[in-house]
Amino acid sequence: MKSTLHDVYFYRDDYPELAELYEESFDVGLQLKMINYHFVFLKTSGGNIFIYREGSQEPIPRLRQEFHSRIEHVINPTIDALCFVLANYILDSRIEEINLPIPNPATAEEIIPECVLELIQQTSGYLLYREQGVKFYQLATGCNEAEAKEWVAGARSKKKVILDNVRNLNIDGCPSTYIEKLFPPNGGLPYLIRKPEQEAHKLLEFLQSKSLKS
């Protein structure tokens, strides 16, 4: 069976088997089962592999740019490139669909320490991943990884003291007044996501198999 990529929005009662497969695969409790779903998944001989998943009690708005077209525009599909596409897709779904300038113009316009530029190189000059947030805080404070993860968790839960003081962090003698320009518009520390490496690996395998068959 040839693997195929699907991007679907649906009402639970229309495709209960797909909703139930997702809920069983991710051990979704009764209180978290939703009426509406949006999935991106690979249909393979071994079963469905979920790439993106979203559920809501309200209708889910369709994104203007489908997932398929985003993947087609990746010239060099590496893990980092696919993670970046996935991260943008997730943030477009959560915040607002936007076209990010590539690379981030702030990296040329602002005074940003070299170590921070290296940290955001894989994401074209943006802070997108929790892992980047952890390293950013470690660079600023010298704390251990556990403390930095706790800081990121607090930022993602919108703790006011963290969000108010993030611009005062100092790295290599440079205050972090530039940090807001490293996030996508309307984003910020609360929107840092887990780097979707596992999903990117599955996508890369899919794209490589398509290339071999073409």
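Being a predicted model, the structure only gives us computed values, none of them experimental.

Visitor: What exactly am I supposed to notice about the packing of aromatic side chains here?
Guide: In this description, a pair of aromatic rings is defined by centroid distance and the angle of the planes. Throughout the structure, instances matching the rule amount to 14 aromatic pairs. Ring geometry for F10 and Y37: centres 6.0 Å apart, planes at 35°, overall tilted. On the criterion of sequence distance, the pair formed by F10 in strand β1 (residues 4–11) and Y37 in strand β2 (residues 36–44) is long-range, its members being 27 residues apart. Residue Y37 is classed as buried on the basis of its relative accessible area, which comes to 1%. Relative to F50, the ring of F39 has its centre 5.0 Å away and its plane inclined at 75°; by these criteria the two rings are edge-to-face.

Visitor: Help me out: how do you make sense of the nonpolar core in this one?
Guide: Nonpolar side chains tend toward joint burial in soluble globular proteins. The biggest cluster of nonpolar side chains holds 31 residues, and the ones touching the most others in it are F67, L82 and L203. Within the residue set of this core, elements represented by two or more residues are β1, β2, β3 (47–56), α2 (67–72), α3 (79–94) and α9 (197–213). Of the residues forming this core, the biggest block, 10 residues, is contributed by α3. Every residue in contact with L203, bar those within four places of it in the chain, is listed here: L5, L42, I51, F67, I71, L82 and L86. Of all hydrophobic cores here, the second largest spans 25 residues; its members include V116, Y137, A140 and C143.

Visitor: What should I look at first to understand the pattern of salt bridges in this one?
Guide: When the charged atoms of two side chains lie near each other, side chains of opposite charge can form a pair. Scanning the entire structure with this criterion turns up nine salt bridges. Two residues, R70 and E97, come together in a salt bridge whose shortest N-O distance is 3.1 Å. One end of the pair, R70, is in helix α2; the other, E97, is in the loop between α3 and α4 (106–109), and 27 residues separate them in sequence. Among the residues examined, R70 registers a relative accessible area of 8% and is labelled buried. Relative accessible area serves as the criterion here: at 13%, E97 is assigned to the buried category. The structure contains a network of salt bridges with shared partners spanning R70, D92 and E97.

Visitor: How should I be thinking about helix α1 (residues 16–25) in this particular structure?
Guide: All of the buried residues in α1 are L18, A19, Y22 and E23. Seen along its axis, α1 keeps its buried residues to an arc of 130°; they face one direction. Against β1, β2 and β3 lie the buried residues of α1. D27 lies just past α1 and shows a positive phi near 50°.

Visitor: Would you mind showing me how to read the sheet that holds β3 here?
Guide: Adjacent strands of a sheet pair through backbone hydrogen bonds, lying either parallel or antiparallel. The three strands are arranged β1-β2-β3 in an open sheet whose pairing can be described as antiparallel. Two strands lie at the open edges of the sheet, namely β1 and β3, each paired on one side alone. Averaged over neighbouring strand pairs, the angle between their axes works out to 15° when direction is ignored. By the bridge criterion, eight bridges tie β1 to β2 in an arrangement that is antiparallel. Pairing of V8 across the sheet is with F39, part of β2. Packing of α1 onto the sheet brings it into contact with β1, β2 and β3, and relative to β3 it is tilted by some 95°.

Calculation criteria
- Note that residues are indexed from 1 along each chain, following the sequence as it is written.
- The predicted nature of this model means local features are confined to residues of pLDDT at least 70 and side-chain atom pairs, given and counted, to a pLDDT of 80 or more, with totals for whole chains, interfaces and linings taken over all residues.
- To get the side-chain values, take all heavy atoms of the structure and skip hydrogens and water.
- Two aromatic rings, drawn from Phe, Tyr or Trp (for Trp, its six-membered ring), form a pair once their centres lie within 6.5 Å of each other, and the interplanar angle then sorts them: stacked below 30 degrees, edge-to-face above 60, tilted otherwise.
- Where helices and strands are cited, they refer to DSSP runs of H or I of at least four residues and of E of at least two residues respectively, numbered from the N terminus.
- Exposure classes here rest on a 1.4 Å probe applied to the protein chains alone. A residue is buried below 20% of its type maximum, exposed above 50%, and partly exposed in between.
- In this description, a nonpolar core means a group of buried Ala, Val, Leu, Ile, Met, Phe, Trp, Tyr and Cys residues linked to one another through side-chain atoms lying within 4.5 Å.
- Throughout, a contact is declared for two residues whenever any of their heavy atoms are within 4.5 Å.
- For salt bridges, the criterion is a side-chain nitrogen of Lys or Arg within 4 Å of an Asp or Glu carboxyl oxygen.
- The directions from the helix axis to the C-beta atoms form the arc being described.
- Strand pairing requires that DSSP identify at least two bridges connecting the strands.
- Angles run from 0 to 180 degrees between N-to-C directions of axes, and those axes are lines fitted to C-alpha atoms, restricted for helices to the stretch in contact.

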